[in-house]
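# Tertiary structure, described
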Amino acid sequence: MDSLITRRDMLRQVGVLSGAGALVAFTPEWIWALQAKPQPDALAQMRAGMGATPITSQSLGPNITMLAGPGGNVVVLNGPDGKVVVDTFVQPAWNNLKATLDKMGSQRIATLIDTHWHFDHADNNGSFRKAGAAIVAHDNTKKRLSESHELLGAKFPPAPAGALPTQTFANMHKLDANGEQIVLNHIPPAHTDTDISIHFQKANVLHLGDVYFNGMYPFIDASTGGSIGGMINGATSAMKQADANTKIVPGHGPLGDLKQLTAYCDVLVTVRDRIAKLKKSGQTLQQVLAASPTKDLDATWGKGFMTPNDFLTIVYNTI
Ligand SMILES: [Zn+2]
């Protein structure tokens, strides 16, 4: 393990997966419990910590809603063809999520879409399958969910067959439901190698999963193909899909728009360029971190659980 990536750093990164809105769930008791417990419990602790977060709801249009709280941001399109849901929250939040969906109307849950493989987005795939939903995702999401992984100090076993996507695609997939045209596009490796964007064309809602952290430095999962360059390319191509009125849903953080996505992308480019220059000049990671090369940005963008040093380390290592 890189000497700079300490257990404490890993724990801080754990919080990133919950997004700023869920940080209240990360009580000191929970953090200390996680520090004290052996690795095998880390996933259960993360699930419990995030799962206790309440669900908040925000209308994005007449039949489309954003839910936030116990995991990555969820979008629900409702109507006579059945509910189409993007992302799932974590397992302990399932009963709360199901109750929230039921309150929106008696329509069945027709389709679930996974933005990518991470557990705070796809953890309830099995419950959605049991509720009768088809699951649409990128080919690599099924592949990654079928493998075991170590990430953020936790071990992720392969998902059971009943929690895997039922329909996968490589490049693009279209879905018509409830008078809406939904276009799913693969994003070349960015946050992971499983990322897709989901564009509800009539409602003009664009869900970008974890390629977009609104207002904060993003987590990038280099262990499954993520890189700073990929994040910049993903955010840049997403900007071309959006107009001034597009409601842009980030994986974590509040609802965004083109202006905010552009500011986020500009920050990624600025940080990448500064670190690339230092790395090219022969500076070690330790030297780069000691120089605080993003001091002017950190006050605004480094306030999530992704500290400036966490983020700079990922950027340095994935350039
Ligand atoms: Zn993620």
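Above this text is the structure in question.
Residues numbered from 1 in each chain as written. Predicted model: local features only at pLDDT ≥ 70, side-chain atom pairs only at ≥ 80, totals over all residues. Heavy atoms only, no water.

The next subject is the overall build of the protein. A count of helices and strands for the protein gives twelve helices and 14 strands. Across the 319 residues in the protein, those meeting the buried criterion constitute 56%. Considering only residue pairs separated by 6 or more positions, the protein has 65% of its internal contacts joining residues 24 or more positions apart. Summed over its atoms, the accessible surface of the protein is roughly 12800 Å², and 54% of this surface lies on carbon and sulfur atoms. (Helix = DSSP H or I, 4+ residues; strand = E, 2+ residues; numbered from the N terminus. Buried < 20%, exposed > 50% of the residue type's maximum accessible area, 1.4 Å probe, protein only. Contact = heavy atoms within 4.5 Å. Areas by Shrake-Rupley, 256 points an atom, 1.4 Å probe, with all protein chains shown as cover.)

Donor atoms from the polypeptide that coordinate the zinc ion comprise His116 (NE2), His118 (ND1), His191 (NE2) and Asp210 (OD), at 2.2 Å from the metal. Going along the chain, you hit the donors of the zinc ion in the pattern H-x1-H-x72-H-x18-D. Separated by 92 residues along the polypeptide, His118 in the loop between strand 5 (109-113) and helix 5 (119-122) and Asp210 in the loop between strand 13 (205-207) and helix 8 (228-241) bring together distant segments of the chain. Judged on exposure class, the residue His118 and its partner Asp210 are both buried. (Donors = N, O, S within 2.8 Å, 3.2 Å for Na, K, Ca; no water.)

Right, let's talk about the packing of helix 9 (residues 258-280) against helix 12 (residues 308-318) for a bit. Two elements in contact, helix 9 and helix 12, have axes separated by 9 Å at closest approach and are oriented at 65 degrees. For the pair helix 9 and helix 12, the crossing hand works out as right-handed. Only Phe311, Leu312, Val315 and Tyr316 of helix 12 make contact with helix 9, whose side of the interface consists of Leu268, Val271, Arg272, Ile275 and Lys279. Tallied by class, residues from the contact of helix 9 with helix 12 come to seven nonpolar, no polar and two charged. (Axes fitted to C-alpha atoms, helices over the stretch in contact; angles between N-to-C directions. Left-handed = near helix turned anticlockwise from the far one by under 90°. Nonpolar A, V, L, I, M, F, W, Y, C, P; charged D, E, K, R; others polar.)

Along the chain, His138 falls in strand 6 (residues 134-138). Reaching out from His138, the side chain makes a polar contact with the backbone nitrogen of Asn140 at a distance of 2.9 Å. There is a polar contact of 3.2 Å between the side chain of His138 and the side chain of His186. Non-local contacts of His138, meaning those with residues more than four positions away in its chain, are made with Thr168, Phe169, Ala170, His186, Asp193, Thr194 and Ile196. (Polar contact = N/O pair within 3.5 Å; in protein donor to acceptor, adjacent residues only side chain to side chain.)

Reading across from one edge, 10-11-12-13-14 is the order of the five strands in this open sheet, with mixed pairing throughout. The strands lining the two open edges of the sheet, one partner per strand, are strand 10 (172-177) and strand 14 (247-249). Adjacent strand axes in the sheet meet at a mean angle of 15 degrees, parallel and antiparallel pairs treated alike. Across five bridges, the pairing between strand 11 (residues 180-186) and strand 12 (residues 196-200) is antiparallel. Within strand 12, the residue paired with Ile182 across the bridge is Phe200. (Pairing = 2+ DSSP bridges.)

Looking now at helix 12. For helix 12, the buried fraction is high: nine of the eleven residues fall into the buried class. All buried positions along helix 12 are accounted for by Pro308, Asp310, Phe311, Leu312, Thr313, Ile314, Val315, Tyr316 and Thr318.

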